[in-house]
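Structure at a glance
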Amino acid sequence: LLPLRGRICRAMWQHDDLTDGELFALLRAGAIAYAGNRRLYIYGRLSCGSGRRMKRTNRVFFASEAEAVAAGYRPCGHCMRQPDGGYSAIPKKR
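Time to look at the overall build of the protein chain. Scanning the protein chain from N- to C-terminus turns up three helices and seven strands. Helices and strands in the protein chain line up, N terminus first, as β-β-β-α-β-β-α-β-α-β. Within the protein chain, buried positions represent 36% of all 94 residues. Contacts spanning at least 24 positions in sequence make up 51% of the contacts within the protein chain whose residues lie at least 6 apart. About 5,900 Å² of surface is accessible on the protein chain, with carbon and sulfur atoms providing 54% of the total.

Right under this line is the structure:
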C-alpha cells in the first residue's frame with residue numbers, strides 16, 4: 001500500500017483516479033507492473049499493444065501478477081502467453 005494524496009491505495013488503481021503526475025510517480029517507484037481492463041477482466045504487461053489501445057476509463061493497474069489474479073483477472077492472450085501455449089499464471093474462476 002502506498003500513500004497517495006493523503007489516502008492509502010489498494011493494490012489496484014483505476015487510471016481515472018490518478019493524475020498524470022501520480023501515475024508517473026507510481027511507475028518510477030515500481031509500484032505498477034501490470035495493467036488490466038476492468039470490463040473484460042484481462043491483465044497484461046504495460047508494453048502490450050492491446051493494453052495501450054484500451055480506453056483510460058477501462059484501465060486499472062496492478063502491483064503484481066498475483067494481485068491481478070487474486071482480483072479475478074485472466075492473463076492477456078498476446079503478451080502473457082508462454083512458449084508451451086499456456087499462460088504465465090492460472091487465473092481464479094470468477
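Resuming the write-up.
What follows covers the nonpolar core. Membership of the largest hydrophobic core is limited to eleven residues, which are Tyr-34, Tyr-43, Cys-48, Val-60, Phe-62, Ala-68, Val-69, Tyr-73, Cys-76, Cys-79 and Met-80. Mapped by element, the contributors of at least two residues to this core are strand 6 (59–62) and helix 3 (65–70). Judged by nonpolar contacts, the second largest core, of eight residues, contains Leu-18, Leu-23, Leu-26 and Ala-35.

The next subject is the environment of Leu-26. Among the secondary structure elements, Leu-26 is positioned in helix 1 (residues 20–29). Taking the C-alpha atoms as reference, Leu-26 lies 9.5 Å from Ala-63; in sequence the two are 37 residues apart.

Right, let's talk about the sheet that holds strand 5 (residues 42–45) for a bit. Ordered in space as 3-6-4-5-7, the five strands form an open sheet in which the pairing is mixed. Pairing within the sheet leaves two strands with one partner each, and these edge strands are strand 3 (12–14) and strand 7 (74–75). Of the strand pairs in this sheet, strand 5 and strand 7 are connected by two bridges, and their pairing is parallel. Within strand 7, the residue paired with Tyr-43 across the bridge is Pro-75.

Sheet topology places strand 4 (residues 34–37) next to strand 5; four bridges connect them, and they run antiparallel. Note that in strand 5 the partner of Tyr-34 across the bridge is Arg-45.

Okay, the state of the cysteines next. If you walk through the whole model with that rule in mind, you get zero disulfides. Unpaired in terms of disulfides, Cys-76 finds its nearest cysteine sulfur in Cys-48, a separation of 3.8 Å. A residue is classified by how much of its surface remains accessible, and Cys-76, at 7% relative accessible area, is buried. The thiol of Cys-79 is not disulfide-bonded; the next cysteine sulfur, from Cys-48, is found 3.7 Å away. You can call Cys-79 buried: its relative accessible area is 15%.

Basis of the calculations
- Residues numbered from 1 in each chain as written.
- Predicted model: local features only at pLDDT ≥ 70, side-chain atom pairs only at ≥ 80, totals over all residues.
- Heavy atoms only, no water.
- Helix = DSSP H or I, 4+ residues; strand = E, 2+ residues; numbered from the N terminus.
- Buried < 20%, exposed > 50% of the residue type's maximum accessible area, 1.4 Å probe, protein only.
- Contact = heavy atoms within 4.5 Å.
- Areas by Shrake-Rupley, 256 points an atom, 1.4 Å probe, with all protein chains shown as cover.
- Core = buried A, V, L, I, M, F, W, Y, C linked by side-chain atoms within 4.5 Å.
- Pairing = 2+ DSSP bridges.
- Disulfide = S-S within 2.5 Å.

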